[in-house]
Amino acid sequence: MDKIYRCMLDDGRIRIFLADTSNACKEICERHNLNTTSSDALSRVLSISAIMGIMQKAGKLTIKVEANGPLKGILCDVDYEGNIRGLVYNSSLNEEMPVEKAIGDKGLITVIRDLEMRVQNFSETELISGKIGEDFSYYFKESEQVPSVVLVGSQVDKHEFISGALILQLMPGYKEENVLYAEHFALQAPKLVDIIKTGDLEGALKELFPDIQIFSTHDVKFKCNCEKGRFIAGLATLPLKDIQEIVNDNKPIEVTCNFCNRKYQLDTSDQLMALNMRLERDTKKNA
Ligand SMILES: [Zn+2]
C-alpha cells in the first residue's frame, strides 16, 4: 500500500512529508497506456498532489500544470483522504524525451481548493523549469508564502515503477537556522528513488533527519469517483437540438471517463433524462 508520512522537526518549525505513490501512479499510467516520459511526468505531479491533498484538513484539490510542451498539460484530482486520480492532456506521446521538454518551460500551475462548504479558492504561479520539483517549490513560496524544498523521484521501466515525493517546509515562526538546515538538506539530499526503493520510508526518514517526529501516516490510492449520473448531466449541457437528435437516433451512446478510461453506455432512458434536465433548465431560465 502506498503511504504518506507527515513529520515534524524542531518543534514544528519544519514539517516534512514523504510519499511513496508507486502503486497508485503505476495503475493510473497503465490505464492511460502512457509511455515512459509521460508516466514519469504524470507521476511527479501526482506524487506532489497526493501530499497537497493530505496537507488539507478537508475537501479536495484540483491541480493543473498547463504548458507549451507536447504533453500540453497534466490534471490531478486529490482529496484529504489520499484518493488520487490524474491524466495528461495528450496521452498519445510516443517519443521519449526529458520530462522538462515534454512538459515545457512556459506555463502555469493552478491549484483549485474545494473545501466542501461551497468555498473555492484558486491560486496560480508560473512554471519555471518544467522539472516539476523546482516548479512546485516556487509555487509554495510565491503562492502560499511557505519556503519549501520539493523533491520528486520516479523510475519507470519494464521491471519497476517507482514514484514519490518529499516536501520539506518552513512553518510560520521559523528561524534563520531552519533556513540553513533546509538549504543544506536540498544540497546533499540523496536521490528520492533510492529512498523509496528501500521500501522502508520510516527508516529512511530517521536516517535523514535524526530528530524527526513522525506525526501520522496516510494511505494513498487511485480512486476515480466518476459515475453515470455525471455523464447524463454532461449530456444535458449540449444544445437542445443535439440532444433531441441523439434521442431520435434511438440507440445507446458510449462515453468514456477521461480519468480512468471506464466506459458507460447511455441508453434511451438516460438520454431522455438528459433531455428532460435540459428542458427543465430552459423553462426555469425563461420563467
Ligand atoms: Zn472515472
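To be clear, the structure that these remarks concern was listed above.
In this numbering scheme, every chain counts its residues from 1 along its sequence in written order. Per-residue local features of the predicted model are confined to residues with pLDDT of at least 70, and side-chain atom pairs are confined, for both listing and counting, to 80 or more; whole-chain, interface and lining totals are unaffected and use all residues. Side-chain numbers here rest on the full set of heavy atoms in the structure, without hydrogens or water.

Trainee: Which parts of the structure should I look at to understand the nonpolar core?
Mentor: Taken as a class, soluble globular proteins show a tendency for nonpolar side chains to be buried jointly. In terms of nonpolar packing, the biggest core is built from 62 residues, with L42, M52, V65, I74, I103 and F136 touching the most fellow members. By definition, residues are in contact when any of their heavy atoms lie within 4.5 Å. In this view, I103 contacts A41, V65, A67, N68, G69, L71, I74, L127, G130 and I132; residues no more than four positions away in its chain are not counted. To qualify as a nonpolar core, a set must consist of buried Ala, Val, Leu, Ile, Met, Phe, Trp, Tyr and Cys residues joined through side-chain atoms within 4.5 Å. Here's how the labels work: a residue is buried when its accessible area is under 20% of the maximum for its type, exposed when over 50%, partly exposed in between, all with a 1.4 Å probe on protein chains only. Counting 23 residues, the second-largest nonpolar core is a separate cluster that includes L9, I14, I195 and I212.

Trainee: Teacher, can you tell me more about helix α4 (residues 133–144) here?
Mentor: Two residues of an α-helix separated by three or four positions point the same way, owing to the 3.6 residues in each turn. The helix and strand labels rest on DSSP assignments: H or I over at least four residues marks a helix, E over at least two residues marks a strand, and numbering proceeds from the N terminus. Expected helix span is taken as 1.5 Å per residue step, with the number of steps being one fewer than the number of residues. Taking 1.5 Å per residue, 12 residues should reach 16 Å; α4 reaches 16 Å between its end C-alpha atoms and fits that length. Buried residues of α4: G133, D135, F136, Y139 and F140, and no others. The arc that holds the buried residues of α4, viewed along the axis, is 160°, so those residues lie on one side. Where α4 is buried, its residues touch α2 (36–55), β3 (60–67), β6 (107–114), β7 (120–126), β8 (148–156) and β9 (161–170). Picture the helix axis, draw a direction to every C-beta atom, and the arc is the one those directions span.

Trainee: I would appreciate a short explanation of the coordination of the zinc ion in the present structure.
Mentor: A metal bound by six donors in octahedral fashion has ideal angles of 90 or 180 degrees, whereas one bound by four tetrahedral donors has an ideal angle of 109.5 degrees. Any N, O or S atom lying within 2.8 Å of the metal counts as a donor, and for Na, K and Ca the limit rises to 3.2 Å; water is left out, so some sites can look incomplete. Protein coordination at the zinc ion: the donors are C224 (SG), C226 (SG), C257 (SG) and C260 (SG), at 2.2 to 2.3 Å from the metal. Metal sites are grouped by the angles between bound donors: all angles between 85 and 135 degrees with four donors is tetrahedral, opposite donors over 155 degrees apart with the others between 65 and 115 is square planar for four donors and octahedral for six, and any other pattern is irregular. Here the zinc ion binds four donor atoms, and the angle range of 106 to 117° at the metal identifies the geometry as tetrahedral. On the basis of relative accessibility, which here comes to 13%, the residue C226 falls in the buried class. Look at C260 and you get buried, because its relative accessible area is 5%.

Trainee: I would appreciate a short explanation of the environment of I214 in the present structure.
Mentor: When you line up the elements, I214 lands in strand β10 (residues 213–222). For I214, a relative accessible area of 30% puts it in the partly exposed group. C-alpha of I214 to C-alpha of M8: the two residues are 206 residues apart in sequence and 6.5 Å apart in space.

Trainee: I tried to follow helix α7 (residues 201–208) on my own but got confused; where do I start?
Mentor: For α7, the complete set of buried residues consists of L201, A204 and L205. Considered in projection along α7, the buried side chains sweep an arc of 100° and stay on one side of the axis. Summarising the contacts, the buried residues of α7 are in contact with β1 (2–9), β2 (14–20), α6 (192–197) and β10.

Trainee: Which parts of the structure should I look at to understand the sheet that holds β6?
Mentor: Sheets are built from strands that pair by backbone hydrogen bonding, the pairs being arranged parallel or antiparallel. Read from one edge of the open sheet, 10 strands run β7-β6-β3-β4-β5-β10-β1-β2-β9-β8, paired in mixed fashion. Both outer strands of the open sheet, β7 and β8, are each paired with one neighbouring strand and no more. When the angles between neighbouring strand axes are averaged without regard to direction, this sheet yields 15°. In this sheet, β9 lies alongside β2 in antiparallel orientation, the contact comprising seven bridges. Among the inter-strand pairings, I16 is bridged to a residue of β9, identified as L168. Interaxial angle, 0 to 180 degrees, is taken between N-to-C directions of lines fitted to C-alpha atoms, where a helix line uses only the stretch in contact. Taken strand by strand, helix α1 (residues 22–31) contacts β1, β2, β5 (83–88), β9 and β10, and its axis lies near 125° from that of β9. Relative to the sheet, α4 contacts β3, β6, β7, β8 and β9, its axis offset from that of β7 by approximately 125°. In short, DSSP must find at least two bridges between two strands for them to pair.

Trainee: I tried to follow the state of the cysteines on my own but got confused; where do I start?
Mentor: What makes a disulfide is a covalent bond joining the sulfur atoms belonging to two cysteines. The criterion for a disulfide is a pair of cysteine sulfur atoms lying within 2.5 Å. Using the criterion set out here, one finds zero disulfides in the structure. C7 forms no disulfide, and the closest cysteine sulfur to it belongs to C25, at a distance of 19 Å.

Trainee: Help me out: how do you make sense of the pairing of β9 in this one?
Mentor: Consecutive side chains of a regular strand alternate in pointing toward one face of the sheet and then the other. Counting buried positions along β9 gives 10 out of 10 residues, so the element sits mostly inside the fold. Residue alternation in β9 divides its side chains into two sets, F161, S163, A165, I167 and Q169 and I162, G164, L166, L168 and L170, and both sets are buried. Across nine bridges, β8 lies against β9 in antiparallel orientation. For V149, the partnering residue across the bridge sits in β9 and is L168. The hairpin turn running from β8 into β9, its antiparallel successor, is four residues long.

Trainee: How should I be thinking about the packing of α2 against α4 in this particular structure?
Mentor: Two quantities define a packed helix pair, namely the angle between the axes and the distance from one axis to the other. At a minimum axis distance of 11 Å, the contact between α2 and α4 shows a crossing angle of 30°. Between α2 and α4, the crossing angle belongs to the class labelled roughly parallel. As for the relative orientation of α2 and α4, their crossing is right-handed in sense. Contacts between α2 and α4 involve V45, I48, M52 and M55 on the former and, on the latter, F136, Y139 and F140. The residue makeup of the contact of α2 with α4, split by class, is seven nonpolar, no polar and no charged. For classification purposes, angles smaller than 35 degrees are called roughly parallel, those larger than 145 roughly antiparallel, those between 65 and 115 roughly perpendicular, and all remaining angles oblique. Crossing handedness follows the turn of the near helix against the far one: under a right angle anticlockwise gives a left-handed crossing, and clockwise gives a right-handed one. Charged means Asp, Glu, Lys or Arg here, nonpolar means Ala, Val, Leu, Ile, Met, Phe, Trp, Tyr, Cys or Pro, and polar covers whatever is left, Gly included.

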